[in-house]
Amino acid sequence: MAGTATEPTARTATTLADGRELIYYDSGAAVPRNAVDRRPLDPRPPASHVRRDPATGDWVTVAAHRQARTYQPPAEECPLCPSQDGRLSEIPAADYQVAVFENRFPSLAGPPGELTGGLRTAGPGAGRCEVVCFTADHDASFADLSEARARLVLDAWTDRTAALSALPGVEQVYCFENRGAEIGVTLAHPHGQIYAFPFTAPRTARMVARAAAHRTATGRNLFDDLLAAERADGERVVLAGEHWTAFVPFAARWPYEVHLYPHRRVPDLTALDEAERAEFPRLYLDLLRRFDRLFGTGRTPYISAWHQAPRDQRDELALHLELFTIRRTADKLKYLAGVESGMDAFVNDVSPEHAAQRLREVAR
Ligand SMILES: [Zn+2]
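Residues numbered from 1 in each chain as written. Predicted model: local features only at pLDDT ≥ 70, side-chain atom pairs only at ≥ 80, totals over all residues. Heavy atoms only, no water.

A.B. asks: A description of the sheet that holds strand β6 (residues 122–124) should follow, citing residues and the corresponding values.
C.D. replies: The strands making up a sheet are joined through hydrogen bonds of the backbone, oriented either antiparallel or parallel. The 3 strands lie next to each other as β4-β3-β6, forming an open sheet whose pairing is antiparallel. Here the strands that pair on one side only, and so sit at the sheet edges, are β4 (59–62) and β6. For this sheet the average axis-to-axis angle between neighbouring strands, irrespective of direction, equals 25°. The pairing of strand β3 (residues 49–52) with β4 spans 4 bridges and is antiparallel. (Pairing = 2+ DSSP bridges. Helix = DSSP H or I, 4+ residues; strand = E, 2+ residues; numbered from the N terminus. Axes fitted to C-alpha atoms, helices over the stretch in contact; angles between N-to-C directions.)

Have a look at this one:
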């Protein structure tokens, strides 16, 4: 797997007491990772299923068992902290750098199966849901990580994208982070998630369709044109490096929303080259720290979403990261109400050009 020349990434896979996979990622000198999960765990929950809305074509996952999942436990019962002082968590080691494991209450799990047809298209909730722990430090945040640790997380995302993309029935791999109770985060420990979908996600499906239409109309790639136009214009560009540019999209849906693209179009994380991988941590950490400076309220709630090409649709969709907050002022959140939730039609209270200007101003 990918690592820098000076700090190779070690990958150690093990199994939790109920059979779920756990993988440690370590940079630098090799670390023995042989702690055993000694917890008596219940059997894994029943499988979910997916249904396709016949009116919109959107897929919906039905996962009723998730109602029982762990919800905002006190810090001393955090399941993502290392196992220490006799307290056993999801991670048997007494310390770790980055750890990835299968979600105990997954929305999606297991092998693919037959789909029913017609107006009631449905099938098994195949795929996988994983948790990515960014650090053993319960009180940290991604923005607090060193560049080396952010690079290790990038390596873990990349390794999991490759592994999950190879699973039968997986159509798309989605790495993301929810940060903040305002977003609905149920565990405070700094972590992200990975969903391996058995379908192409609705937002991705719309992008794939738009890219195909753009190709038909112009003969060019939609994302190449979009990135070139934003870089030439510059009004909505927040920051740029040698290999990546971050800008507020022209029709941003959220009060503060930034899209980060590599200059070279690639379908997913596995196709980034070493120069692109090396530059990413500095730019991404810079963006997260700017988000935290926007409102003078400390940690800004956000969603950070990697868009990766689905299986068999890798020619047009460009890997990029979409980072946005639901906070619009120091004391106001953007709620998805009738217009947004009812119609998927967003009303944004902050102009994208103003948002870009603010994000440039809070550089430090
Ligand atoms: Zn914790």
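A.B. asks: Any chance you could break down unusual backbone geometry for me, citing the residues and the numbers?
C.D. replies: A positive phi is found at D312, a non-glycine position, where the angle reads about 65°. Within the secondary structure, D312 is located in the loop between β13 (302–307) and β14 (320–325). Looking at D312, the relative accessible area reads 69%, which means it is exposed. Positive phi is not limited to glycine here, since D344 has a value of about 60°. Along the polypeptide, D344 turns up in the loop between α5 (338–343) and α6 (352–361). (Buried < 20%, exposed > 50% of the residue type's maximum accessible area, 1.4 Å probe, protein only.)

A.B. asks: Account for the packing of helix α2 (residues 202–218) against helix α3 (residues 222–233), naming residues and giving values.
C.D. replies: When two helices pack together, their arrangement is given by the angle between the helix axes and by the axis-to-axis distance. With their axes 8 Å apart at the nearest point, α2 and α3 run at an angle of 85° to one another. By the criterion of interaxial angle, the relationship of α2 to α3 is roughly perpendicular. Between α2 and α3, the residues in contact are M207, R210, A211, H214 and T218 and L222, F223 and D225, respectively. For the contact of α2 with α3, the class distribution of residues is 4 nonpolar, 2 polar and 2 charged. (Parallel < 35°, antiparallel > 145°, perpendicular 65-115°, else oblique. Contact = heavy atoms within 4.5 Å. Nonpolar A, V, L, I, M, F, W, Y, C, P; charged D, E, K, R; others polar.)

A.B. asks: Outline α6, listing residues and values.
C.D. replies: Among the residues of α6, P352, A355, A356 and L359 are the ones counted as buried. For α6, the arc enclosing every buried residue in end-on projection is 100°, short of the 170-degree limit, so these residues lie on one face. For α6, the secondary structure elements touched by its buried residues are β10 (237–240), β12 (256–262) and α4 (274–293). (Arc of directions from axis to C-beta.)

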